[in-house]
Protein chains: 2
Amino acid sequence: MPATNTARRAGVCCTALTKTPLSQKDAERTAVLLAAMADPVRLRLLSIVASEGEVCSCNLERPLGKSQPTISHHTRVLAEAGLIVGERRGKWMWWRIVPESLENIRRLLGGR
Amino acid sequence: MPATNTARRAGVCCTALTKTPLSQKDAERTAVLLAAMADPVRLRLLSIVASEGEVCSCNLERPLGKSQPTISHHTRVLAEAGLIVGERRGKWMWWRIVPESLENIRRLLGGR
DNA sequence: CGCGTGAATCGACAGAGGTCAATGTATCTG
DNA sequence: CAGATACATTGACCTCTGTCGATTCACGCG
């Protein structure tokens, strides 16, 4: 059974793509990371979690206008990409973002 | 319930997604932009163009290992997303990146 | 003009991905 | 224990997308 909140990241970091051509491997890992963000629902989910600090899954269905399985699907994708982490507290699942992951993407895009 | 904030179109980009929840509109536009980068072939294409400065379409087929229609498809996607611009010189099409687009994404991800 | 070359478009195919109803699993409460 | 609640998983459906062969378009050169 696959663990739900594996903090495995799809690519620690590589050199900025503007400096030197990406290898096949790096491109694939980076594409997975970017694909995790390339969805309007997940972007809004991320922004809600980021601005609230910590959000329960049950508090995401209404603002996002999606069913419970769909929310669960998106949190899973984001968690597997290392963009958010979940913590179980009783019946509830609390999510918060992983700031380093966004930092890595920024660096890849040529940031500092 | 957090009210959907007004979609203010301040220039090309929007506020960092870590600050305040994204509007539906902003999320969709950003998702299109990120989806354009969320592909290994396009990431490598971007990195080649960025590091070379200027690349002809015919010089992309071999390093990327894709057919001519496929290359044309990817350059089209990247160009429509505003990540690269093409200039026709005779029979050849020359591509270069648009640095501001990457800058916008970085800012969206929380970069200053 | 015709010919050759580079690029865009079309058509078809296979694979990936978003969505939800139904179901399963874990946790709390009475 | 039974019941309720929150989340995960399954299965199915449909759309989107990457890919390439074939074709068409655009440009330069004799």
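Quick caveat, the model's predicted, so the values are computed rather than measured. For every chain, the first residue of the written sequence is number 1, and numbering continues from 1 along that sequence. Each chain gets a letter, beginning with A, and each ligand a number, beginning with 1, in the order they are written. Two thresholds apply to this predicted model, a pLDDT of at least 70 for residue-level local features and 80 or more for giving and counting side-chain atom pairs, whereas whole-chain, interface and lining totals are computed over all residues. Note that water and hydrogens are dropped before the side-chain values are worked out from all heavy atoms of the structure.

Brief notes about the pattern of salt bridges
Think of a salt bridge as a Lys or Arg side-chain nitrogen and an Asp or Glu carboxyl oxygen that are within 4 Å of each other. Under the defined criterion, the tally for this structure stands at 12 salt bridges over all chains. A salt bridge links E87 of chain A to R96 of chain A, with the nearest nitrogen and oxygen atoms 3.5 Å apart. Exposure is judged per residue with a 1.4 Å probe applied to protein chains only, and the accessible area is read against the type maximum: over 50% gives exposed, under 20% gives buried, and values in between give partly exposed. Assessed through its relative accessible area of 35%, R96 of chain A is described here as partly exposed. For R76 of chain B, the salt bridge identified is with E80 of chain B, shortest N-O distance 3.5 Å. Of this pair, R76 of chain B and E80 of chain B both sit in helix α4 (residues 68–80), separated by 4 residues, roughly a single helical turn. Taken together, the shared-partner salt bridges in this structure form one network comprising E54, E87, R89 and R96 of chain A. Going along the chain from the N terminus, every DSSP run of H or I of four or more residues is numbered as a helix, and every run of E of two or more is numbered as a strand.

Section: the relation of the copies chain A and chain B
A rotation about some axis, followed by a shift along it, carries one copy of the chain onto the other. Between chain A and chain B, which share one sequence, the superposing operator has a rotation angle of 180° and an axial displacement of 0.0 Å; the RMSD is 0.1 Å. With respect to symmetry, the two chain copies, as superposed, fit the operation of a two-fold axis. Scanning chain A for the C-alpha nearest the rotation axis identifies R106 of chain A, at a separation of 2.6 Å. The criterion used for residue contact is that any of the two residues' heavy atoms lie within 4.5 Å. Most of the interface of chain A is mirrored in chain B, where 94% of its interface residues are also at the interface. Least-squares superposition aligns the copies on the C-alpha atoms of those residues with pLDDT at or above 70 in both.

Some words on the protein's contact with DNA strand C
One heavy atom within 4 Å of a molecule or strand makes the whole residue count as near it. Contacts to DNA strand C come from 23 residues, most closely from R42, T70 and H74 of chain A together with Q68 and R76 of chain B. Near-protein atoms of DNA strand C (within 4 Å) split between backbone and bases, with sugar and phosphate holding 68%. We call two N or O atoms a polar contact when they sit within 3.5 Å, provided that within protein one can donate a hydrogen and the other can accept it, with sequence-adjacent residues counted only if both atoms are side-chain atoms. In this structure, a phosphate oxygen belonging to DNA strand C sits 2.4 Å away from a side-chain N or O atom of H74 of chain A. Between S57 of chain B and DNA strand C, the recorded distance is 3.3 Å, taken from a backbone N or O atom to a phosphate oxygen. Looking at the surface near DNA strand C, the elements with two or more residues in it are α2 (40–52) and α4 (68–80) of chain A together with α4 and β3 (92–97) of chain B. Polar here means any residue outside two lists: the nonpolar Ala, Val, Leu, Ile, Met, Phe, Trp, Tyr, Cys and Pro, and the charged Asp, Glu, Lys and Arg; Gly therefore counts as polar. Here the surface near DNA strand C is composed, by residue class, of 8 nonpolar, 8 polar and 7 charged.

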